[in-house]
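# Tertiary structure, described
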Amino acid sequence: MTRIHALNMSETAWKEWCVSEGAKAFLGSQIIEWMTRKNCMDPMAFSNVSQSLRARLAESFDWSLPAVDTVLQSDDQSEKILLKTHDNLFTECVLMPSENRVTLCVSSQVGCRMACTFCQTGKMGLSRNLTRGEILAQIILANRRLIERNDERRVTNIVFMGMGEPLDNFDEVVAACEVMLDERFFALSKHRVTVSTSGLVPAIEELGKRVPVSLAISLHSADDEQRSGMMPVNKKYPLSELKETLLRYPVQTRHGITFEYVMINGVNDSIQHAKKLVKFLHGLKAKVNLIPMNPHPGTTMVATDPERMRDFQKYLGERSIPAPVRYSRGQDVSAACGQLASKRKNELALAPRTVALARRKEWLDSRK
Ligand code: SAH
Ligand code: SF4
């Protein structure tokens, strides 16, 4: 029988298990504290638990973490961590330390089924959802990386902007967010946990009711026809429905809702597009992150040039919409990285998503 993973157990389930073993219920909460606050996945080290119960914990649950397959280090201090799951699938998270925060970009699925045309993960399709435990494991592994780097800090901010559409894996993502926000566990501020979505309207509505996290919407176009072409989800949930839901969303941050806008040369980057964007944002407290399109193999789309981007930004700024340009961090991971050279030498020149795609192919081939 496969054992349930320790990180997939809810607090209630832990308490019930402890009671069923003749222990006090509160020990259940302390077990989660060991994993989340102390990054400890070895029950034999749980010093406040009796010897016999430690042994029972060790034999009854799975305590493993996804394997760190490859770490791609960037000149800007960020690290892309490629993870291999127990069933040999590849996913990624990106650790981005900066002066006043340590942000971790986490994945919620292996692949994604939303099929946005500009996105490399979208091309993979969906392999499977990650469990809450596999989402939380990314924080534990990132904190361990910080320890290895002699960085005394721990992850302070989470963005769900890795692989996958978090709201397409709703229950697991909400359960993971609850552990992130709980002051006994990861204790992250609600301003600092951001769920990014392509716009699954009913799930956005539900998210607002379930857990107080910050919201980012991947908009990329405020024109229905164009957005439907770029993001099939828009055919099901057009801009008018999205806006109606956002107007009701319980906003957690000072700047309101963040909108991600990938700037694609000659596609969505004219002043006409900016005008439509301003119209869409009317009535919402919004910030727009302008992200130069990250090119990848198999697409002809490239980033808008900086001057055109500045015009777009200026147009928004003059209408009181903050629109910082955000460059994806760690773009230079093809830079030399001694640690990895021996293991995944040929892959150092590739973006992690490309690596993940290649691995998925390996995995599919191995099943033939
Ligand atoms: N599925 C969620 C979260 C993961 S994608 C979402 O779409 O919001 C995280 C962000 O990366 C999204 O804003 C997405 O639009 C953006 N993105 C995808 N492909 C990109 C590319 N080629 N260049 C720049 N940003 C990209
Ligand atoms: Fe990519 Fe996000 Fe679209 Fe999925 S929803 S294909 S991860 S941009």
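Throughout what follows, the structure given in this document is the object of discussion. Bear in mind the structure is a predicted one, so any value in this text is a computation, not a measurement. The numbers attached to residues start from 1 for each chain and follow its sequence in the written order. Here every chain gets a letter starting at A, and every ligand a number starting at 1, in the order they are written. This being a predicted model, a pLDDT of at least 70 is required before a residue's local features are given, and a value of 80 or more before pairs of side-chain atoms are given or counted; all residues contribute to the totals for chains, interfaces and linings. Excluding hydrogens and water, the side-chain values take into account all heavy atoms of the structure.

Our next topic: the overall build of the protein chain. Helices and strands together make up the secondary structure of the protein chain, namely 14 helices and eleven strands. Any two residues whose heavy atoms approach within 4.5 Å are treated as being in contact. Across the protein chain, contacts joining residues at least 24 apart in sequence account for 66% of those joining residues at least 6 apart. Here the open area of atoms and residues is found with the Shrake-Rupley method and a 1.4 Å probe, where only the protein chains shown may cover a residue. Carbon and sulfur atoms make up 51% of the accessible area of the protein chain, which totals about 16800 Å². Here a helix means four or more residues in a row that DSSP labels H or I, a strand means two or more in a row labelled E, and each is numbered from the N terminus.

Criterion for a salt bridge: a side-chain nitrogen of Lys or Arg within 4 Å of a carboxyl oxygen of Asp or Glu. In total, this model carries 18 salt bridges according to the counting rule given. Here aspartate 168 and arginine 113 are joined by a salt bridge, their closest N and O atoms 2.7 Å apart. Here arginine 113 lies in the loop between β5 (109-112) and α4 (120-124) and aspartate 168 lies in the loop between β7 (157-160) and α6 (170-181), a separation of 55 residues in the sequence. Salt-bridge contacts for aspartate 269 lead to arginine 308; the nearest nitrogen and oxygen are separated by 3.1 Å. Here the residue aspartate 269 occupies a position in the loop between β10 (257-263) and α11 (271-281), and arginine 308 occupies one in helix α12 (residues 306-317), the gap between them amounting to 39 residues. The network of salt bridges with shared partners includes Glu79, Arg145, Glu148 and Arg149.

We call a residue near a molecule or strand as soon as one heavy atom of that residue lies within 4 Å of the molecule or strand. Lining the immediate environment of ligand 2, one finds Cys112, Met114, Ala115, Cys116, Cys119, Gly122, Gly164, Glu165 and Ser198. We call Asp, Glu, Lys and Arg charged. Ala, Val, Leu, Ile, Met, Phe, Trp, Tyr, Cys and Pro are nonpolar, and the rest, Gly among them, are polar. In terms of residue class, the shell around ligand 2 is made up of five nonpolar, three polar and one charged.

Spatial ordering of the open sheet is given by β1-β2-β3-β4-β7-β8-β9-β10-β11, a layout of nine strands whose pairing is mixed. Lying at the two open borders of the sheet, with one neighbouring strand each, are β1 (67-73) and β11 (286-292). Direction aside, neighbouring strands of the sheet carry axes that sit 20° apart on average. Where strand β8 (residues 193-197) meets strand β9 (residues 214-218), four bridges bridge the pair, whose relative direction is parallel. Any two strands are treated as partners once DSSP identifies two or more bridges connecting them. Here the axes come from fitting lines to C-alpha atoms, over the contacting stretch only for helices, and the angles between their N-to-C directions go from 0 to 180 degrees.

In the vicinity of ligand 1, 19 residues are found, and the nearest of them are Gly164, Ser196, Ser218, His220 and Asn294. Polar contacts, as used here, are pairs of N or O atoms within 3.5 Å; protein pairs need one atom able to donate a hydrogen and one able to accept it. Residues neighboring in sequence count only if both atoms are side-chain atoms. Serine 196 is positioned with one of its side-chain polar atoms (N or O) 2.7 Å from an oxygen atom of ligand 1. Within the backbone of asparagine 294, an N or O atom sits 2.8 Å from a nitrogen atom of ligand 1. Compared with its free state, where it exposes 530 Å², ligand 1 has 90% of that area covered by protein. Secondary structure elements with two or more residues in the shell around ligand 1: β8 and β10. Residues of the shell around ligand 1, tallied by class, amount to eight nonpolar, nine polar and two charged.

All right, on to empty space enclosed by the protein then. Of the two site types, the cavity is a set of points on a 1 Å grid over the protein atoms alone where a 1.4 Å probe fits but cannot get out, and the pocket is an open set with protein on both sides within 12 Å along at least five of seven lines, each lined by residues with an atom within 4 Å of a point. Grid points are joined across faces, edges and corners, and a volume is the space filled by probe spheres set on the points. If you walk through the whole model with that rule in mind, you get one cavity of 30 Å³ or more. Size it by volume and the largest cavity reaches roughly 30 Å³. Of the residues assigned to the lining of the largest cavity, the class counts are three nonpolar, three polar and one charged.

This brings us to the pairing of β1. With six bridges connecting them, β1 and strand β2 (residues 79-84) associate as antiparallel partners. Pairing of alanine 67 across the sheet is with lysine 84, part of β2. The hairpin turn running from β1 into β2, its antiparallel successor, is five residues long, and glutamine 77 in that turn takes a positive phi close to 80°.

Side-chain rings of Phe, Tyr and Trp (the six-membered ring for Trp) are treated as a pair once their centres are within 6.5 Å; stacked means planes under 30 degrees apart, edge-to-face means over 60, and tilted covers the remaining angles. Here the structure, examined in full by the defined rule, presents nine aromatic pairs. Its end group placed over the ring of phenylalanine 280, lysine 243 keeps NZ or CZ at 5.9 Å from the ring centre. Both a distance and an angle decide whether a charge sits over a ring: NZ of Lys or CZ of Arg must be within 6 Å of the ring centre and within 35 degrees of the ring normal. In this structure, arginine 319 is placed above the aromatic ring of tyrosine 315, and the distance from its NZ or CZ to the ring centre is 3.6 Å.

Here we come to helix α3 (residues 51-60). Those residues of α3 not exposed but buried are Leu53, Arg54, Leu57 and Ser60. For α3, the arc enclosing every buried residue in end-on projection is 140°, short of the 170-degree limit, so these residues lie on one face. Away from the buried face of α3 by more than 90 degrees, exposed residues Gln51 and Ser52 are located. On its buried face, α3 is in contact with α1 (11-20) and α2 (27-37). With a 1.4 Å probe rolled over the protein chains alone, any residue whose accessible area is under 20% of its type maximum counts as buried; one over 50% counts as exposed, and the rest are partly exposed. Think of it as the arc spanned by the lines of direction from the helix axis to the C-beta atoms.

We now examine the environment of arginine 154. Structurally, arginine 154 is set in the loop between α5 (132-148) and β7. C-alpha of arginine 154 to C-alpha of isoleucine 140: the two residues are 14 residues apart in sequence and 9.5 Å apart in space. Sequence-distant contacts of arginine 154, that is, excluding residues within four places in its chain, are made with Asn39, Val102, Asn143, Leu146 and Ile147. A polar contact is formed between the side chain of arginine 154 and the backbone oxygen of aspartate 151, at a distance of 3.2 Å.

What follows is about the nonpolar core. The term nonpolar core refers to a set of buried residues drawn from Ala, Val, Leu, Ile, Met, Phe, Trp, Tyr and Cys, joined through side-chain atoms within 4.5 Å. Formed by 103 residues in total, the largest nonpolar core has its most connected members in Trp14 and Phe259. The residue makeup of this core includes at least three contributed by each of domain 1 (4-62) and domain 2 (67-366). Apart from residues no more than four positions distant in its own chain, tryptophan 14 is found in contact with Ala6, Met9, Gly28, Ile31, Ile32, Met35, Leu57, Phe61 and Trp63. Annotation comment: domain bounds sourced from an automatic or database domain assignment.

Another point: the environment of cysteine 105. Looking at where cysteine 105 falls in the secondary structure, it is placed in strand β4 (residues 101-105). Residues cysteine 105 and glutamate 92 lie 13 residues apart in sequence; the distance between their C-alpha atoms is 8.7 Å. In contact with cysteine 105, other than residues within four places in its own chain, are Cys93, Val94, Met96, Val159, Met161 and Gly162.

By themselves, these are just geometric observations and shouldn't be taken as functional.
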